[in-house]
Amino acid sequence: IFLNGHNFGEAAKVLFAATPQDPSVIAPACAVAALATELLLKSLIAYEGVYNVPRSHDLDRLYGLIDPATKDKLETQWDELMALPEMALRLKDSPSHQMELGACLADSRNAFDNYRFIYDPSRHVTFTVGSLPHLLRHIILSMHPDWRPS
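Since the structure is predicted, the reported quantities are computational estimates derived from the model, not experimental observations.

J.: Residues and numbers for helix H1 (residues 2-18), please.
T.: Along its 17 residues, H1 runs 25 Å from first to last C-alpha, staying within 8% of the 24 Å computed at 1.5 Å per residue. Phe-2, Gly-5, His-6, Gly-9 and Ala-12 are the residues of H1 that are buried. Considered in projection along H1, the buried side chains sweep an arc of 120° and stay on one side of the axis. The inward-facing, buried residues of H1 abut helix H2 (26-47) and helix H8 (132-143).

In structure tokens:
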């Protein structure tokens, strides 16, 4: 699970880097980053001993299954990242107008499905956790350094 999440996270970085030159890749970048986030959350859940990881794209639900100590580490690193001025600008349009990780995950809970079906006008499209795959990889590799991709 981790390696797939890592690979989708790397693909999302490439797409996000291309958005200044080609804004049409923003939605695909968000879809890929949402999938990376989902897979990395599932990797953490499995690592922490849940053997029946839910078949769900709901990022908020998956986050709720993570051990509280792991959440504390992740939230601390998220808060440090959100303290940067450029991050506050990115989140100014989030529905909750909050920068706490839990609120951002709630805002983005169905991002993968919503971006896959972005052509549907009834879909509310929000993704405020584009930096989360990087933080998740960092946390996972600190717990399991032998998983580092070569």
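What follows continues from the structure just given.
J.: Explain H2 residue by residue, including any values.
T.: End to end, H2 covers 31 Å across 22 residues, agreeing with the expected 32 Å (1.5 Å per residue, within 8%). The element H2 is extensively covered by neighbouring structure, given that 17 of its 22 residues are classed as buried. Once H2 finishes, Gly-49 follows within two positions and takes phi at roughly 105°, a positive value.

J.: Give me the environment of Pro-28: which residues, what numbers.
T.: Relative to the helices and strands, Pro-28 resides in helix H2. As a C-alpha pair, Pro-28 and Glu-48 span 20 residues in sequence and 30 Å in three-dimensional space.

J.: Could you give an account of the packing of H1 against H2, with specific residues and numbers?
T.: Two elements in contact, H1 and H2, have axes separated by 8 Å at closest approach and are oriented at 155°. When the axes of H1 and H2 are compared, the pair comes out roughly antiparallel. Crossing angle aside, the handedness with which H1 passes H2 is left-handed. Each of Phe-2, Asn-4, Gly-5, His-6, Phe-8, Gly-9, Ala-11, Ala-12, Leu-15 and Phe-16 in H1 lies in contact with H2, whose residues at this interface are Pro-28, Ala-29, Cys-30, Val-32, Ala-33, Leu-35, Ala-36, Leu-39, Leu-40 and Ser-43. Looking at the contact of H1 with H2, its residues break down into 15 nonpolar, five polar and no charged.

J.: Quick rundown of the nonpolar core? Include the residues and the values.
T.: If you look at the biggest cluster of nonpolar residues, it comprises 36 residues, and the most contacted ones within it are Leu-74, Trp-78, Leu-101, Phe-127, Val-129 and Leu-132. Of all the elements in the fold, those that place two or more residues in this core are H1, H2, helix H3 (59-63), helix H4 (68-82), helix H6 (101-107), helix H7 (111-116) and H8. Broken down by element, the residue count for this core peaks at eleven residues, all from H2. Residue contacts for Leu-101: discarding those within four places in its chain leaves Tyr-63, Leu-74, Glu-75, Trp-78, Val-129 and Leu-132.

J.: Break down the pattern of salt bridges for me, citing the residues and quoting the values.
T.: Tallied over the entire structure, the rule returns six salt bridges. Linking Lys-42 and Glu-38 is a salt bridge whose minimum nitrogen-to-oxygen distance equals 2.8 Å. In this pair, Lys-42 and Glu-38 are both assigned in helix H2, four residues apart and thus about one turn of the helix distant. Side by side, Lys-42 and Glu-38 carry an identical accessibility label, which is buried. Within the structure, one salt-bridge network assembled from shared partners comprises Glu-10, Lys-13 and Arg-137.

The rules behind each value
Residues numbered from 1 in each chain as written. Predicted model: local features only at pLDDT ≥ 70, side-chain atom pairs only at ≥ 80, totals over all residues. Heavy atoms only, no water. Helix = DSSP H or I, 4+ residues; strand = E, 2+ residues; numbered from the N terminus. Expected span 1.5 Å × (residues − 1). Buried < 20%, exposed > 50% of the residue type's maximum accessible area, 1.4 Å probe, protein only. Arc of directions from axis to C-beta. Contact = heavy atoms within 4.5 Å. Axes fitted to C-alpha atoms, helices over the stretch in contact; angles between N-to-C directions. Parallel < 35°, antiparallel > 145°, perpendicular 65-115°, else oblique. Left-handed = near helix turned anticlockwise from the far one by under 90°. Nonpolar A, V, L, I, M, F, W, Y, C, P; charged D, E, K, R; others polar. Core = buried A, V, L, I, M, F, W, Y, C linked by side-chain atoms within 4.5 Å. Salt bridge = Lys/Arg side-chain N within 4 Å of Asp/Glu carboxyl O.

So yeah, pure geometry; function would need other evidence.
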